[in-house]
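Structural overview for review
What follows is the residue order along each chain.
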Amino acid sequence: MRTTRAEDLLKSLGIDQAGDIDLEAIAWRVGAKVRYRHLKGCEARIVGLDDKAIITVNCTSGPERQRFSVGHELGHWAHHRGQCAVCRASDIGNFGNIKSMKERAADSYAADLLMPWYLFKPSVRNYKRLDLKTLRAVATEFSTSLTATLIRMIESDMFPSSMVVAHRPAGRAWFRASPSVSGYWFPQAELDQDSFAFTLMHGQDGRTEGFPRKTGADAWFDKPGADQHEITEQSFKLPNGDVITILNLADRMVS
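Treat the numbers as computed from the prediction; the structure is a model and nothing was measured.

**Details of the pairing of strand β6 (residues 171–177)**
Sheet faces and side chains relate simply in a regular strand, where the side chains alternate between the two faces. Pairing geometry for strand β5 (residues 162–168) and β6, over six bridges, is antiparallel. The residue bridging Val165 from the neighbouring strand is Phe175, located in β6. Between the antiparallel neighbours β5 and β6 lie two residues.

**Topic: the nonpolar core**
Of all hydrophobic cores here, the largest spans 47 residues; its most connected members are Ile26, Leu74, Leu113, Phe120, Leu150 and Met153. With residues up to four places along the chain from it excluded, the contact list for Ile26 reads Leu9, Leu10, Leu13, Ile15, Ile21 and Leu113. Ranked by size, the runner-up nonpolar core spans 20 residues in total, among them Phe196, Ile231, Val243 and Leu247.

**Thoughts on a negative patch on the surface**
A cluster of acidic side chains, namely Asp16, Asp20, Asp22 and Glu24, defines a negative patch on the protein surface. With respect to the secondary-structure elements, Asp16 resides in the loop between α1 (5–12) and α2 (23–29). Here Asp16 falls in the exposed class, since its relative accessible area comes to 56%.

**Regarding the state of the cysteines**
Here the structure, examined in full by the defined rule, presents zero disulfides. Unpaired in terms of disulfides, Cys59 finds its nearest cysteine sulfur in Cys42, a separation of 12 Å. Among the residues examined, Cys59 registers a relative accessible area of 30% and is labelled partly exposed.

**Quick look at the packing of helix α6 (residues 132–142) against helix α7 (residues 146–155)**
Interaxial distance between α6 and α7 falls to 9 Å at its minimum, and their mutual angle equals 105 degrees. Compared by their axis directions, α6 and α7 come out roughly perpendicular. Between α6 and α7, the residues in contact are Thr134, Leu135, Arg136, Val138 and Ala139 and Leu146, Thr149, Leu150 and Met153, respectively. Split by residue class, the contact of α6 with α7 holds six nonpolar, two polar and one charged.

**Structural notes on unusual backbone geometry**
Although it is not a glycine, Ser143 adopts a positive phi angle of roughly 55 degrees. Of note, Ser143 is situated in the loop between α6 and α7. Phi at Asp157 is positive, roughly 60 degrees, even though this residue is not glycine. One can find Asp157 in the loop between α7 and β5. Asp157 sits in the partly exposed class, given a relative accessible area of 26%.

**A look at the pairing of strand β2 (residues 44–49)**
With six bridges joining them, β2 and strand β3 (residues 52–58) adopt antiparallel strand pairing. Each bridged residue has a counterpart across the sheet, and for Leu49 the counterpart in β3 is Lys52. If you look at the hairpin formed by β2 and β3, you'll find two residues sitting between the two strands, and Asp50 has a positive phi there, around 55 degrees.

About the criteria used
- Residues numbered from 1 in each chain as written.
- Predicted model: local features only at pLDDT ≥ 70, side-chain atom pairs only at ≥ 80, totals over all residues.
- Heavy atoms only, no water.
- Pairing = 2+ DSSP bridges.
- Helix = DSSP H or I, 4+ residues; strand = E, 2+ residues; numbered from the N terminus.
- Core = buried A, V, L, I, M, F, W, Y, C linked by side-chain atoms within 4.5 Å.
- Buried < 20%, exposed > 50% of the residue type's maximum accessible area, 1.4 Å probe, protein only.
- Contact = heavy atoms within 4.5 Å.
- Patch = residues over 30% accessible without salt bridge, like charges linked within 9 Å, V, L, I, M, F, W, Y side chains within 5 Å.
- Areas by Shrake-Rupley, 256 points an atom, 1.4 Å probe, with all protein chains shown as cover.
- Salt bridge = Lys/Arg side-chain N within 4 Å of Asp/Glu carboxyl O.
- Lys, Arg positive; Asp, Glu negative; His and termini not counted.
- Charge placed at Lys NZ, Arg CZ, Asp CG, Glu CD.
- Disulfide = S-S within 2.5 Å.
- Axes fitted to C-alpha atoms, helices over the stretch in contact; angles between N-to-C directions.
- Parallel < 35°, antiparallel > 145°, perpendicular 65-115°, else oblique.
- Nonpolar A, V, L, I, M, F, W, Y, C, P; charged D, E, K, R; others polar.

All quantities given are derived from atomic positions and should not be read as evidence of function.
And the structure:
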């Protein structure tokens, strides 16, 4: 598999385990200094001159968010050197946002830097199914957010029957499916009222669903034949109110 620029950088530094991905040290190696400040109107920014740069990250954000922001700005340093980048919260790791090619490239670089495939895939192979327990274990290992980690796990196609769907009160915000899942299985926009995700979104109980539960596929897919399949769902709620659901489709829906 062809490596990315971020992975090449990690390998050149001899990094062979997730715990060694020290973003401040990596930034220093490529001529950038990271500092943490109160920022208004943006999540992070990078200002550079010649081969030196300063990355400033919002100090009020959580640690996983800060790490992704540093990776994102390093992506700008790698791909857009000579340009000033001021990134709002919606520009960094917002998987449902329609962003410029420039911001998408920076996000991709951040994912490759924090969760390089040559370390990520061997780690994920240790788990038999994609559920919240597995997700938390992998996110802890790589010091990344649940959402960013889940997107990476879906993209890996190591769980070929899996899908993640994000909802807001107005309806579906975004979704990602493993490459092996047919495009036929496009999740419906509205949450089914009998789903735990609906209760989590609109109810007072903010508890995370403790285990994947079985449900009819027609609760999630408005497609002919969906009522003939059974899938599992497990949901959790983000601090911003979004509800994220992990779906594992029946094998017959994938093959």
